Amino acid sequence: MPAFDAERIVRVADTGLREASLLIQRELGDAEASVAYLRWWYFGNPSGHCPIYAYKDGADFSALATINGFRFSMNGRSKLVGMPQKVLVARVLRGQGVFGALYGATEMASRDEGSDFFLTFTNAASTPIFLGKFGYVRGTAPDTLVIPFNPLAFLRPRRYKRVDRPSDAFLSTGFFRFDNAVEKTADYLRWRYHSRQPEQYTILEVPADGGSTAGYLYLKKISKKGIPIHLLMDVAARAEDDMPLLLSQASAYSSRHGAAAMLAFSSPPIDEALGATLHKRIAGRFNFLVKGKDAAETAALASTRFCFSFGDLDFI
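If you're wondering where the values come from, they're calculated on a predicted model, not measured in any experiment. Throughout, residues of each chain are indexed from 1 in the direction in which the sequence is written. Per-residue local features of the predicted model are confined to residues with pLDDT of at least 70, and side-chain atom pairs are confined, for both listing and counting, to 80 or more; whole-chain, interface and lining totals are unaffected and use all residues. Hydrogens and water are ignored here; the side-chain numbers use all heavy atoms of the structure.

1. Things to note about the pattern of salt bridges
Salt bridge, as used here, is a side-chain nitrogen of Lys or Arg placed within 4 Å of a carboxyl oxygen of Asp or Glu. Enumeration over the complete set of coordinates arrives at 18 salt bridges. Between Arg111 and Glu107 there is a salt bridge, with its nearest N and O atoms 3.3 Å apart. Of this pair, Arg111 and Glu107 both sit in helix α3 (residues 98-112), 4 residues apart, which is roughly one turn of that helix. Across the salt bridge formed by Glu205 and Lys161, the nearest N and O atoms sit 3.5 Å from each other. Of the two residues, Glu205 is situated in strand β10 (residues 202-207) and Lys161 in strand β8 (residues 161-163); the sequence distance between them amounts to 44 residues. Three exposure classes are used, based on accessible area relative to the maximum for each residue type with a 1.4 Å probe and protein chains only: buried under 20%, partly exposed in between, and exposed over 50%. Residue classification places Glu205 among the buried residues on the basis of a relative accessible area of 17%. Helix and strand assignments come from DSSP, with helices taken as H or I runs of at least 4 residues and strands as E runs of at least 2, each series counted from the N terminus.

2. Comments concerning the nonpolar core
In this text, buried Ala, Val, Leu, Ile, Met, Phe, Trp, Tyr and Cys residues form a nonpolar core when linked through side-chain atoms within 4.5 Å. Judged by nonpolar contacts, the single largest core of 55 residues is most densely connected at Leu64, Phe70, Phe72, Leu119, Leu189, Phe306 and Phe308. Residue contacts are defined here by distance: any two heavy atoms, one from each residue, within 4.5 Å place the two residues in contact. Once residues within four sequence positions are removed from consideration, Phe72 is found in contact with Arg77, Ser78, Lys79, Val81, Met83, Leu119, Asn180, Ala181, Val182, Glu183, Phe306 and Phe308. Counting residues in each nonpolar core, the second largest holds 28 residues, with Phe176, Leu232, Ala250 and Leu274 among its members.

3. Regarding the sheet that holds β10
Pairing between two strands requires that DSSP report at least two bridges joining them. Spatial ordering of the open sheet is given by β8-β10-β11-β12-β13-β7-β14, a layout of 7 strands whose pairing is mixed. Two strands lie at the open edges of the sheet, namely β8 and β14 (280-282), each paired on one side alone. Neighbour-to-neighbour, the strand axes of the sheet open up by a mean angle of 35°, direction not taken into account. The sheet contact formed by β10 and strand β11 (residues 213-224) spans 6 bridges and is antiparallel. Across the sheet, the residue bridging to Ile203 is Tyr218, located in β11. Between the N-to-C directions of two axes lies an angle of 0 to 180 degrees, each axis being a line fitted to C-alpha atoms and, for a helix, fitted only over the stretch in contact. Along the sheet, helix α6 (residues 186-194) makes contact with β10, β11 and β12 (227-237), crossing β12 at roughly 160°.

4. Some words on α6
Among the 9 residues in α6, 7 count as buried, and that is most of the element. Regarding α6, the residues found buried are Ala186, Tyr188, Leu189, Trp191, Arg192, Tyr193 and His194.

Honestly, that's just the spatial picture; any functional story needs more than this.
Rendered as structure tokens:
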């Protein structure tokens, strides 16, 4: 393998996704990282922002860096946030500065195209590099809430109804938006849960008193060490006052359908809605890093409590 050559760094368009997919599968064994998946996750994202750079070795890619953009509601204002999600370097290239050069190209492009700041969840290997070389600091990582199986769910009236998708009427009229969170617009929800493999999600419609719709719940069933668990992927509530009803119905569905527990990310609206409901809080499971335009903004981001959902992190 020749020495690192910055001239080999190229921006990846839709036509380069085959090489990107082959690199991910070759280096990580990620069979799910197909061309179709990458096209959906990056180029299908309604934010329209996804700088991807690769190190090209002949016709193949030897390294890859990606940022996916998401619109966040921050204190009532819409911000474009760049979220680095994949920085991958082939073993034969490691130690030559490729990691830093590729990441630098994606960040520069993201800034040039309007990103206001950056948030990322990193693994054990990349965390010290983001902290030591790229100017990130640790943010306030979300706690995980574990709502255990409740046998009383079988005795209480069931109010939810499983549906294929939320009604267009509900989505078009607007619904409760978490602050300091990804903007869950109608376009976002359609892209995220209905445009690719919708069968992996359970969507529940919950009526309010009086016949209107209180909101919709997105759940995903997984297995941890052979134990079935439901993840609360997202909540689309008519109003914040509907959150307690929606969470109680999500937990009831989870218990009725054989899960040992339902997991949700902690946030002020979720915590308030759970109230005295039995649950366990688990902290410190994620490396969550932030970076602003300058030191002052970075410090402000580090102290911000973001409202994440499992749907925000469910990517390859």
